[in-house]
Amino acid sequence: MTPHVPMRALDTLWFQVAGTLCNIECTHCFISSSPTNRSHAMMTLAEVETRLQEARELGVREYYFTGGEPFMNRDMIPILGATLKQGPATVLTNGMLLPARTCAQLRELSDACEYSLDIRVSLDGFDRNSHDAIRGAGVWDRVMIGLRNLADAGINPVITVSETADGIRNEEGRLRFLDLIRSFGFTKPRLKVLPLFRIGAEEKRSRAYADWERIEVLAESDAEVLQCSSCRMVTSKGVYVCPILIETPEARMGSTIAESLRPFPLRYGACHTCWVEGVSCRT
Ligand code: SF4
C-alpha cells in the first residue's frame, strides 16, 4: 500500500512566482523551465497577496520564491516587500538578473524589515565550461556579474549547487566550492547541495526513475523529515503538495492553502529521492 505523508504543521510556503518561465533552459531542470514554457503562469502581486493573507492566518513562518527565474517577474520587489512584513523570505535565482540597481533595492528591503531576506544563487560547476555545459553558453559570465553586485551591496547569498557539479558529493569538492565562493569576496561562504530529481529535463539528460524507486514503507520519524509534512507550493494553477511535483496533476491539492492541508500519497519516483537523501528544498 502506498504510504501517505501527513500534514504535520504548515510552516513553509513556496511561491512559483515566475511560473515555469526562465531566461535559460538548464539540462537538469526538474520542471523543464524555459523561455517558452508557460505551463504555470507568472504570478501577480495581487495573487501573492491573497495567499500571504491566508498564510498569515494559518501561522506560516517562512516564504520561498522560485520559478522559472523569479527576477523575470516585474513585481518581484513589491512582492518581497509585502512578504517581509510577515516573515522571512528566500529567493531562488540563477543570478543573471541582478544588476547593481536590483541588488541595492534588495539591500534596502532587507535593511527596512525586521525579517531576513536571503538570496540563493545556483551554480553548477567550478568554472565557465562545466557550469555552462548545464546552464547554457554565456551564463557563467553573467552570474559572475550578479554575484559581484550582490557582494557590493553587502548581500551574502547562499550558493546552491546540484549534484551535476563534478566532485560536489565529496569533502574535497565542497572545499573547492567554498574557496570559489570566497573568491567573489564573501568571507562567510554559504553552500547548499541539492540532489537531482529524475523528472522534467533531468529525465532526458540522465534517466527516468526505475519502477523500484518508490517508498514502500514510511516510518513516522521519516515522515516528519519530509518537507511535504510542513510545506506547500502556490502556483498560478492552485496549491501543490511541494516545490517538486508541480507538473504532476495529482499533486494539486486545492485552490486555497486550507484545502491542501491533508495527507498526500508518496507514490512518485521523486518521493524516493527525498526519502533516500533526506532532502529539503529549504535552505
Ligand atoms: S517529491 Fe518529496 S517533497 Fe514532494 S511529495 Fe514527494 S516526498 Fe514529499
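Above this note sits the structure.
Thresholds, definitions, all that
- Residues numbered from 1 in each chain as written.
- Predicted model: local features only at pLDDT ≥ 70, side-chain atom pairs only at ≥ 80, totals over all residues.
- Heavy atoms only, no water.
- Near = heavy atom within 4 Å.
- 1 Å grid on protein atoms, 1.4 Å probe; cavity = no way out; pocket = protein on both sides within 12 Å on 5 of 7 lines; lining within 4 Å.
- Sits in = over half its atoms within 2 Å of the grid points.
- Helix = DSSP H or I, 4+ residues; strand = E, 2+ residues; numbered from the N terminus.
- Nonpolar A, V, L, I, M, F, W, Y, C, P; charged D, E, K, R; others polar.
- Salt bridge = Lys/Arg side-chain N within 4 Å of Asp/Glu carboxyl O.
- Points joined across faces, edges and corners; volume = space filled by probe spheres on them.
- Pairing = 2+ DSSP bridges.
- Axes fitted to C-alpha atoms, helices over the stretch in contact; angles between N-to-C directions.
- Core = buried A, V, L, I, M, F, W, Y, C linked by side-chain atoms within 4.5 Å.
- Buried < 20%, exposed > 50% of the residue type's maximum accessible area, 1.4 Å probe, protein only.
- Contact = heavy atoms within 4.5 Å.

Visitor: What am I meant to see in the site of the ligand here?
Guide: Around the ligand, the neighbouring residues are Gln227, Cys228, Val241, Cys242, Leu245, Phe264, Leu266, Ala270, Cys271 and Cys274. More than half of the atoms belonging to the ligand lie within 2 Å of the grid points that define the second largest cavity. The element best represented in the shell around the ligand is helix H9 (residues 269-277), accounting for three residues. Looking at the shell around the ligand residue by residue, the classes come out as nine nonpolar, one polar and no charged.

Visitor: Help me understand the pattern of salt bridges in this model?
Guide: For side chains of opposite charge, pairing can occur when their charged atoms come near one another. Scanning all chains against the criterion turns up twelve salt bridges. Asp11 is the partner of Arg282 in a salt bridge, and the nearest nitrogen-oxygen pair spans 3.2 Å. Of this pair, Arg282 sits in the segment after H9 while Asp11 sits in the loop between strand S1 (4-5) and strand S2 (12-16), placing them 271 residues apart in sequence. When salt bridges with common partners are traced through the structure, they connect Asp11, Glu62 and Arg282 into a single cluster.

Visitor: Help me understand the layout of surface pockets, please; the structure alone is not making it clear to me.
Guide: Here the idea is plain: a probe the size of a water molecule rolls over the atoms and shows the empty space left. Reported here for the largest pocket is a volume of approximately 220 Å³. Its residues placed into classes, the lining of the largest pocket shows ten nonpolar, three polar and four charged. For the second largest pocket, the calculated volume is near 180 Å³. What lines the second largest pocket is simply Glu163, Arg169, Pro195, Leu196, Arg198, Arg207, Tyr209, Glu213, His272, Thr273, Val276 and Glu277.

Visitor: Hey, could you run me through the sheet that holds strand S7 (residues 190-194) in this one?
Guide: Strand pairing in a sheet relies on backbone hydrogen bonds. The paired strands run either parallel or antiparallel. Overall, mixed pairing links the nine strands, which are arranged S7-S6-S5-S4-S3-S2-S8-S9-S10 in an open sheet. In the strand order of this sheet, the two ends are held by S7 and strand S10 (252-254), each with one partner. The average undirected angle you get between the axes of adjacent strands in this sheet is 30°.

Visitor: Even after reading the chapter, I still don't get the nonpolar core, so can you show me in this structure?
Guide: Grouped burial of nonpolar side chains is what soluble globular proteins tend to show. Membership of the largest hydrophobic core comes to 87 residues, with the highest contact counts inside it found for Phe15, Phe65 and Leu245. No other element matches helix H5 (residues 139-152), which puts six residues into this core. What Phe65 contacts, discounting residues up to four positions off in sequence, is Phe15, Val17, Val48, Pro70, Met76, Ile79, Leu80, Thr83, Ala89, Thr90, Val91 and Leu92.

Visitor: How should helix H2 (residues 76-83) be read in this particular structure?
Guide: Since the α-helix packs 3.6 residues into each turn, any two residues three or four apart lie on the same face. Counting buried residues in H2 gives six out of eight residues, a clear majority hidden from the surface. Here H2 has its buried residues at Met76, Ile79, Leu80, Gly81, Ala82 and Thr83.

Visitor: It is not clear to me how the side chain of Arg282 should be interpreted in this structure. Could you clarify?
Guide: Classification of Arg282 as buried rests on a relative accessible area of 18%. Other than its neighbours up to four places away in sequence, Arg282 contacts Asp11, Thr12, Trp14, Glu62, Tyr64, Arg120, Lys192, Gln227, Ser230 and Cys231.

Visitor: Quick question: what am I supposed to make of unusual backbone geometry here?
Guide: Residues Gly67 and Gly68 are joined by a peptide bond in cis, for which omega reads 15°. Within the secondary structure, Gly68 is located in the loop between strand S3 (62-66) and H2. Here the phi dihedral of Ser32 falls at roughly 55°; this positive angle occurs in a residue that is not glycine. Mapping Ser32 onto the fold places it in the loop between S2 and helix H1 (45-58). Using a relative accessible area of 26% as the deciding quantity, one classes Ser32 as partly exposed.

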